[in-house]
Amino acid sequence: MSRLLRGVGKSPAFVDPLAAYLVYDTFTDTNGVTLANHTPDKDTVGTGWLANVGGGFTIQGNALDCNGANDQFASIDCGAVAASVKVASLVVGNDNGLIARSSSGQSCIMVEWAAGRDAIELYTVNPGYTGIGSYAQAITAGDAKVNFELRYSGNSLTVLDNGTSRVTATNALNNTLTRVGVFGYSEGGTAGWDTLTAMAI
């Protein structure tokens, strides 16, 4: 009888729902908290967010908001030289998107939705901007995009819009660096990001 009952009443083994992620951030926090003072849901390296350039990123409504003049860069170390950085929901502002292979300053790979030019644009930033790929698509400030993603491995770069590849490029800039993050330019509070993740690939 005891052999039949063995294990009855025991809790199932815990499975970490975030185990696959290097970084996972729902941006859940008090309104007005700066990104540099916000703690992600998961931060494998453990060094938190850095305001690379500008300080316009804050939490608003449990999402990330940008309200800052000119260039705004913020990054977090995911620890992987080959990874995917993705935002589950991105509200288009002026020019805003994602960065990868970032230094602690203004040197990175950057991809943005450019509302004024109706395009997804991929750049190297070092610190000047050099276009390395684009995809024409009508877009208006305030539009919401889902699953916007930048993948990097070696010198290969791929931008995906909800799972569909839109831009590919080859570039060696910072190909040993592991910081990923967000970018905005002269945003007035329209641009938004919700649930940013990074995974090794």
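Scroll up to find the structure this text is about.
Basis of the calculations
- Residues numbered from 1 in each chain as written.
- Predicted model: local features only at pLDDT ≥ 70, side-chain atom pairs only at ≥ 80, totals over all residues.
- Heavy atoms only, no water.
- Phe/Tyr/Trp six-rings, centres within 6.5 Å; stacked < 30°, edge-to-face > 60°.
- Helix = DSSP H or I, 4+ residues; strand = E, 2+ residues; numbered from the N terminus.
- Buried < 20%, exposed > 50% of the residue type's maximum accessible area, 1.4 Å probe, protein only.
- Contact = heavy atoms within 4.5 Å.
- Core = buried A, V, L, I, M, F, W, Y, C linked by side-chain atoms within 4.5 Å.

*Asks:* It is not clear to me how the packing of aromatic side chains should be interpreted in this structure. Could you clarify?
*Replies:* Working definition: an aromatic ring pair is given by the centre-to-centre distance plus the angle between the planes. What the rule picks out here adds up to seven aromatic pairs. Summarising the aromatic geometry, the rings of Phe27 and Trp49 are spaced 6.2 Å apart at their centres and angled 40 degrees between planes, so their arrangement reads as tilted. Note that Phe27 is positioned in the loop between strand E1 (23–25) and strand E2 (42–43) and Trp49 in strand E3 (residues 49–53), a separation of 22 residues in sequence. Trp49 matches Phe27 in its accessibility class, with the two residues each being buried. Ring plane angle 90 degrees and centroid distance 5.9 Å describe the contact between Tyr123 and Tyr129, whose orientation is recorded as edge-to-face. A residue is classified by how much of its surface remains accessible, and Tyr129, at 34% relative accessible area, is partly exposed.

*Asks:* Quick question: what am I supposed to make of the environment of Ile99 here?
*Replies:* One can find Ile99 in strand E7 (residues 95–102). What makes Ile99 buried here is its relative accessible area of 0%. As for Ile99 and Phe14, which are separated by 85 residues in sequence, their C-alpha atoms are 33 Å apart. Among all residues touching Ile99, those that are not within four sequence positions of it are Phe73, Ala74, Ser75, Val85, Cys108, Ile109, Met110, Leu150, Val180, Gly181, Val182 and Phe183.

*Asks:* What exactly am I supposed to notice about unusual backbone geometry here?
*Replies:* Backbone torsion omega between Asn126 and Pro127 reads -15 degrees, so that peptide bond is classified as cis. Along the chain, the position of Pro127 falls in the loop between strand E9 (119–125) and strand E10 (129–136). Here the phi dihedral of Phe27 falls at roughly 55 degrees; this positive angle occurs in a residue that is not glycine. By relative accessible area, which is 0% here, Phe27 ends up buried. Positive phi, normally seen in glycine, also occurs at Ser186, with a value near 50 degrees. Within the secondary structure layout, Ser186 lies in strand E14 (residues 179–200).

*Asks:* How should the environment of Leu177 be read in this particular structure?
*Replies:* Structurally, Leu177 can be placed in the loop between strand E13 (164–170) and E14. Judged by its relative accessible area of 29%, Leu177 is partly exposed. Residues Leu177 and Ser103, 74 residues apart in the sequence, show an inter-C-alpha distance of 6.9 Å. Residue contacts for Leu177: discarding those within four places in its chain leaves Ala80, Arg101, Ser102, Ser103 and Tyr152.

*Asks:* Is there a simple way to explain the nonpolar core in this structure?
*Replies:* It is characteristic of soluble globular proteins that their nonpolar side chains tend to be buried jointly. Cys78, Leu122, Phe148, Val182 and Trp193 are the most contacted members of the largest nonpolar core, which totals 42 residues. Ranked by residues supplied to this core, first place goes to E14 with six residues. If you look at the next biggest cluster of nonpolar residues, it comprises seven residues, including Ile99, Cys108, Met110 and Tyr123.

*Asks:* Is there a simple way to think about the side chain of Thr195 in this case?
*Replies:* Tracing the backbone through its elements, the reader meets Thr195 in strand E14. Given a relative accessible area of 18%, Thr195 falls into the buried group. Ignoring any residue separated from it by four or fewer positions in sequence, one finds Thr195 in contact with Tyr24, Asp25, Thr26, Phe27, Lys86, Val87 and Ala88.

*Asks:* Explain the environment of Asp161 here, please?
*Replies:* Examined against the element boundaries, Asp161 turns out to sit in strand E12 (residues 156–161). Asp161 sits in the buried class, given a relative accessible area of 7%. Linking Asp161 and Thr34, residues 127 residues apart in sequence, is a C-alpha distance of 28 Å. Every residue in contact with Asp161, bar those within four places of it in the chain, is listed here: Trp113, Ile120, Gln137, Lys145, Val146, Asn147, Phe148 and Arg166.

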